[in-house]
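Secondary and tertiary structure notes
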Amino acid sequence: MMTPCVQPDKNHLWHWLFVLGLMLSLLCLPLSAKQLSSEQIDEILYHIHTYYVEDLPLSHVKKDNFSELLTQLDDYSKFLDEHELEALFSAANGRYTGLGIEVEEVEDGVVIVDTLPGSPAEAAGIEGGDKLLAINTHDVKRKSIAEVSKLLREAQFSTIQLTVERANTEVTLALRRQEITLRSVSSQLLPGGIGYVLLSSFNNHSYHDIARHISMLNSHLGAPLKGLIIDLRDNPGGTLNSAVAISDLFLQSGTIVSTRGRFYDANQRFFAAQGDILNGAPMLVLINEQSASAAEILAGALQDNSRALILGNRSYGKGSVQSLIPIGNGTTALKLTTARYFTPSGQSIEGTGIQPDVIFSKQVLLELDKDAIMAGEKKVRLTFVANLDKHWQEAEQLLQNHNLQQ
């Protein structure tokens, strides 16, 4: 059985929601053929020949040349060992075991950008801007994220000592790994009866969480929302099923997305069922160059069905679908690109992304800071609404024109 997932290669994104500890599914190092049995290599070769999105010549491949074959696949296709596979499932279910740190790789090392709410890192006092210097007794200055990840994963002690540089001072903090629940959805009620939903990723709970947040916003307002803003900026994606289900919340009919590949089941078209959770209220969707994969499916579906006005900058452009294919007894898997996906209008997003209806300058995007909006400050909320206010009429006209054409 193959399970579709849609995830971007974060080596090409500026920031990483980095699962320091176990979640290494997007950081797989090159696999040596010596690590696999002859039977496993035969099985993997069969799956690549049968399911890979492109037809690769495999007749010349020798088992001692297997690692070279893997380099011919795209960046998203990888062999996952049992730790990486477990981490991928955990992320899809909105949880992982780790420290809860968002980091960025810079020229001379790794810098902590933020901590997750309720995480060990937050409890220990890790702060955004801290630069990693050491993990336990290991110096990590000038190390890559992959190297830092490996050290953390292999740490033998339950308590991990992180030494960071903060304001030219070295600080050492003790952290213990724990299971963290990832909250992919948060919301705010804005002036004028406008709802704001921040969707940070797509996991198996995101569909129900968005529906629940919209219901909460309606309750707080005491009436149906007058409009909804969905913020997909910096959203790296997630599962295909989640993207389709969330798109369907707002669409009465029409195509959501289609996929195309070499084998029969890779060619699918997903349709919306009748029923719009907003009852036709206008929508604005914010995207940027780091909105990828499942975020692009949602933005493309709402744009092509004239359901929402898309604002911001052109998205990342990750338009391929990966399937998880169990290998051997199922404790390992091949994450293989099996299809490309296309928006309802037939546009491929691979390498091109979603072009917004309204392009925002960097200055405008800075004024629409999502963290400040979620902080709930009245001045920030008013400024945010003022920046977007002129676009509601355009979103309403888009809806009216679409309804007239039906």
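Analysis parameters
- One numbering rule holds for all chains: residues counted from 1, following each sequence as written.
- Under the rules for a predicted model, residues below a pLDDT of 70 receive no local features and side-chain atom pairs below 80 are neither given nor counted, while totals for whole chains, interfaces and linings still include all residues.
- Think of the side-chain values as coming from all heavy atoms in the structure, minus any hydrogens and water.
- Elements are defined by DSSP. Helices are runs of H or I of four residues or more, strands are runs of E of two residues or more, and each kind is numbered from the N terminus.
- Each residue is assigned to one of three classes by its accessible area relative to the maximum for its type, calculated with a 1.4 Å probe on protein chains only: buried under 20%, partly exposed between the two thresholds, exposed over 50%.
- Pairs of residues are marked as contacts when any of their non-hydrogen atoms sit within 4.5 Å.
- Shrake-Rupley sampling with a 1.4 Å probe provides the accessible areas, and residues are treated as covered by the protein chains on show and by no other component.
- Lines fitted to C-alpha atoms define the axes, with helix axes restricted to the stretch in contact, and inter-axis angles between N-to-C directions lie between 0 and 180 degrees.
- Oblique is the label for every angle not falling under 35 degrees (roughly parallel), over 145 degrees (roughly antiparallel), or within 65 to 115 degrees (roughly perpendicular).
- Following the grouping adopted for this structure description, the nonpolar residues are Ala, Val, Leu, Ile, Met, Phe, Trp, Tyr, Cys and Pro, the charged ones are Asp, Glu, Lys and Arg, and the polar ones are all others, Gly among them.
- In the sections that follow, a salt bridge refers to a side-chain nitrogen of Lys or Arg positioned within 4 Å of a carboxyl oxygen of Asp or Glu.
- Residues belong to a common nonpolar core when they are buried Ala, Val, Leu, Ile, Met, Phe, Trp, Tyr or Cys residues joined through side-chain atoms within 4.5 Å.
- Aromatic rings from Phe, Tyr and Trp, taking only the six-membered ring of Trp, are treated as a pair when their centres fall within 6.5 Å; an angle between ring planes under 30 degrees marks them as stacked, one over 60 as edge-to-face, and anything in between as tilted.
- Here, over-ring charges are defined by two tests on the NZ atom of lysine or the CZ atom of arginine: distance to the ring centre within 6 Å, and angle to the ring normal within 35 degrees.
- Strand pairing is assigned whenever DSSP detects at least two bridges linking the two strands.

1. Remarks on the overall build of the chain
A count of helical and extended segments in the chain gives 11 helices and 20 strands. Split into buried and exposed, the 406 residues of the chain put 53% on the buried side. Contacts spanning at least 24 positions in sequence make up 72% of the contacts within the chain whose residues lie at least 6 apart. Carbon and sulfur atoms make up 49% of the accessible area of the chain, which totals about 18500 Å².

2. Re unusual backbone geometry
One non-glycine residue, R142, lies in positive phi territory at about 65°. Position of R142 relative to the elements: it lies in the loop between β7 (138-139) and α5 (145-153). You can call R142 exposed: its relative accessible area is 65%. Not every positive phi belongs to a glycine, and D234 is a case in point at roughly 65°. With relative accessibility at 33%, the residue D234 sits in the partly exposed group.

3. Structural notes on the packing of helix α6 (residues 206-221) against helix α7 (residues 240-250)
It is at 8 Å that the axes of α6 and α7 come closest, and there the two elements cross at 30°. Taken together, α6 and α7 sit at an angle that is classed as roughly parallel. Where α6 abuts α7, its residues S206, Y207, I210, A211 and I214 lie against S242, A245, I246, L249 and F250. Broken down by class, the residue content of the contact of α6 with α7 amounts to eight nonpolar, two polar and no charged.

4. With respect to the pattern of salt bridges
Inspection of every chain in the model, using the stated rule, returns nine salt bridges. In this structure, R307 and D276 form a salt bridge, with 2.9 Å as the shortest nitrogen-oxygen distance. Remark: D276 occurs in the loop between β15 (268-271) and β16 (283-287) and R307 occurs in the loop between α8 (294-304) and β17 (309-312); sequence separation between them is 31 residues. Neither residue differs from the other here; R307 and D276 are each classed as buried.

5. So, the nonpolar core
Core analysis: the largest hydrophobic core is formed by 61 residues, its most contacted members being I48, F202, I210, L228, L232 and F250. Broken down by element, the residue count for this core peaks at seven residues, all from α8. Each residue touching F250, except ones within four places of it in the same chain, is listed here: I210, I214, L228, I230, D276, I277, L278, M283, L302 and R307. Membership of the second largest hydrophobic core comes to 20 residues, among which are Y196, L309, L311 and I373.

6. Topic: the packing of aromatic side chains
If you walk through the whole model with that rule in mind, you get two aromatic pairs. Here Y51 and F263 contribute two aromatic rings whose centre-to-centre distance is 4.8 Å and whose plane-to-plane angle is 75°, an arrangement assigned as edge-to-face. Taken together, the positions of Y51 in helix α1 (residues 38-51) and F263 in the loop between β14 (255-260) and β15 put the pair 212 residues apart, joining distant regions of the chain. Of the residues examined, Y51 reaches a relative accessible area of 19% and is grouped as buried. Ring geometry for Y196 against F384: centres 5.3 Å apart, planes inclined by 80°, an arrangement best described as edge-to-face. Of this pair, Y196 sits in strand β12 (residues 194-199) while F384 sits in helix α11 (residues 378-405), and the two are 188 residues apart along the sequence. Judged by its relative accessible area of 0%, Y196 is buried. According to the relative accessible area criterion, F384 is buried, its value standing at 0%. One Lys or Arg, R260, reaches over the ring of F342 and ends 3.7 Å from the middle of that ring. The ring of Y76 has K318 lying over it, and the distance from NZ or CZ to the ring centre is 4.6 Å.

7. What to know about the sheet that holds β12
Here we have six strands laid out as an open sheet, ordered β11-β12-β13-β16-β17-β20, and mixed in their pairing. Edge positions in the sheet fall to β11 (185-190) and β20 (358-359), since each has one partner strand and no second. In this structure, β17 lies alongside β20, joined through two bridges in parallel fashion. The residue of β20 that forms the bridge with L311 is V358. Along the sheet, α6 makes contact with β11, β12 and β13 (227-231), crossing β11 at roughly 20°. Of the strands in this sheet, β12, β16 and β17 touch α8, which is tilted by about 140° from β16.

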